[in-house]
Amino acid sequence: MITKLENSNYQVASQIHTVFQNSYKIEAQLIGVENFPPLLRSAVDISHSKSEFYGFSENKCLAAVIEIVIENQQLEINSLTVDPKYFRKGIAAKLISYVLHGFDFTEAIVETAVVNKPAINLYKKHGFVEFKQWTPSHGIEKLAMSVKQPV
């Protein structure tokens with residue numbers, strides 16, 4: 001079940017943080033880096049975020065989280081994380097579909113590491129196409145993808 005998460009509630013922010021930590025540790029290994037910026041984000045940071053968080057729960061456990069911001073008709077997916085215990089169950093795809101079909105926007109964008117092929121392939125399945133590559137100051141080569149709102 002997908003529900004909006006009240007990240008301003010510290011207990012909820014802590015649950016989001018746990019999913020982020022579990023997932024981002026695996027992503028850091030996949031990318032091959034030790035210093036992965038998303039791992040530095042604290043539960044306090046999450047509780048103060050102005051983003052919207054939606055969670056997928058299974059058996060009353062938070063299994064996955066998608067974080068979005070909608071501004072000027074643009075939907076940004078700022079994070080999509082699945083707890084490793086729930087990998088390979090199609091949960092990330094459900095969360096992507098949820099935001100792509102549940103909100104009013106003209107374009108959705110997402111960024112990920114160039115070497116994160118599983119994420120890139122998942123977004124491509126939802127119609128995202130690459131439009132930019134760059135290397136930010138942290139040194140992890142990234143790409144940005146976008147999709148127009150489905151009809």
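Residues numbered from 1 in each chain as written. Predicted model: local features only at pLDDT ≥ 70, side-chain atom pairs only at ≥ 80, totals over all residues. Heavy atoms only, no water.

(A) Highlighting the pairing of strand β4 (residues 74–82). The pairing of strand β3 (residues 61–71) with β4 spans eight bridges and is antiparallel. Counterpart to glutamate 71 in the pairing with β4 is glutamine 74. Hairpin geometry of β3 and β4 is characterised by an intervening segment of two residues between the two adjacent antiparallel strands and by a positive phi of about 50° at asparagine 72. Alignment of β4 against strand β5 (residues 107–113), held across four bridges, turns out to be parallel. By the bridge assignment for β5, leucine 75 is matched with alanine 108. In this region the chain leaves β4, passes through helix α3 (residues 91–102) and returns to the parallel neighbour β5; the handedness of that crossover is right-handed. (Pairing = 2+ DSSP bridges. Helix = DSSP H or I, 4+ residues; strand = E, 2+ residues; numbered from the N terminus. Right-handed = clockwise from strand over helix to strand, strands pointing away.)

(B) Spatial organisation of the layout of surface pockets. When its volume is computed, the largest pocket comes out at roughly 1200 Å³. As for the largest pocket, its lining consists of 41 residues, and the residues nearest its centre are Glu27, Leu80, Thr112, Asn116 and Ala119. Sorting the residues of the lining of the largest pocket by element identifies α1 (10–31), β4, α3, β5 and α4 (117–125) as the ones contributing at least two each. (1 Å grid on protein atoms, 1.4 Å probe; cavity = no way out; pocket = protein on both sides within 12 Å on 5 of 7 lines; lining within 4 Å. Points joined across faces, edges and corners; volume = space filled by probe spheres on them.)

(C) Local environment of the environment of serine 51. Its location among the elements puts serine 51 in the loop between α2 (43–48) and β2 (52–58). Taking the C-alpha atoms as reference points, serine 51 and glutamate 76, 25 residues apart in sequence, are found 9.6 Å from one another. Setting aside chain neighbours within four positions, we find serine 51 in contact with Asn7, Glu67, Ile68, Val69 and Asn78. A polar contact of 2.8 Å, which involves the side chain of serine 51, links it to the side chain of glutamate 67. (Contact = heavy atoms within 4.5 Å. Polar contact = N/O pair within 3.5 Å; in protein donor to acceptor, adjacent residues only side chain to side chain.)

(D) Summary view of the environment of glycine 32. Counting through the fold element by element, glycine 32 comes out in the loop between α1 and α2. Accessibility expressed as a relative area gives 62% for glycine 32, which makes it exposed. Counting along the chain gives 63 residues from glycine 32 to leucine 95, while the straight-line C-alpha distance between them is 26 Å. (Buried < 20%, exposed > 50% of the residue type's maximum accessible area, 1.4 Å probe, protein only.)

(E) Structural view of the pattern of salt bridges. Per the counting criterion, the structure on display carries four salt bridges. In this structure, lysine 148 and glutamate 107 form a salt bridge, with 3.7 Å as the shortest nitrogen-oxygen distance. Of this pair, lysine 148 sits in strand β7 (residues 142–148) while glutamate 107 sits in strand β5, and the two are 41 residues apart along the sequence. Judged by its relative accessible area of 55%, lysine 148 falls in the exposed class. In this structure, the salt-bridge partner of glutamate 111 is lysine 142, at a minimum N-O distance of 3.1 Å. A residue pair is termed long-range when its members are at least 10 positions apart, and glutamate 111 in strand β5 and lysine 142 in strand β7 qualify at 31 residues. Among the residues examined, glutamate 111 registers a relative accessible area of 41% and is labelled partly exposed. (Salt bridge = Lys/Arg side-chain N within 4 Å of Asp/Glu carboxyl O.)

(F) Spotlight on the sheet that holds β3. If you trace the seven strands from one edge of the open sheet to the other, you get β1-β2-β3-β4-β5-β7-β6, paired in mixed fashion. Strand pairing shows two members of the sheet lacking a second neighbour, β1 (2–5) and β6 (129–134), which therefore form its edges. Ignoring strand direction, the axes of neighbouring strands in this sheet form an average angle of 30°. Two strands pair when backbone bridges link them, and β2 and β3 are joined in this way by seven bridges, in the antiparallel orientation. Counterpart to phenylalanine 56 in the pairing with β3 is alanine 64. (Axes fitted to C-alpha atoms, helices over the stretch in contact; angles between N-to-C directions.)

(G) Summary view of α1. The end-to-end C-alpha distance of α1, which contains 22 residues, comes to 30 Å, matching closely the 32 Å that a straight helix rising 1.5 Å per residue would cover. Looking only at α1, the buried set comprises Val12, Ala13, Ile16, Val19, Phe20, Gln21, Ser23, Tyr24, Glu27, Ala28 and Ile31. Elements that come into contact with the buried residues of α1 comprise β1, α2, β2, β3, β4 and β5. At the N-terminal boundary of α1, the capping side chain belongs to asparagine 9, with an oxygen 2.8 Å from the backbone nitrogen of glutamine 11. (Expected span 1.5 Å × (residues − 1).)

Interpretation in functional terms is not warranted from these geometric data alone.
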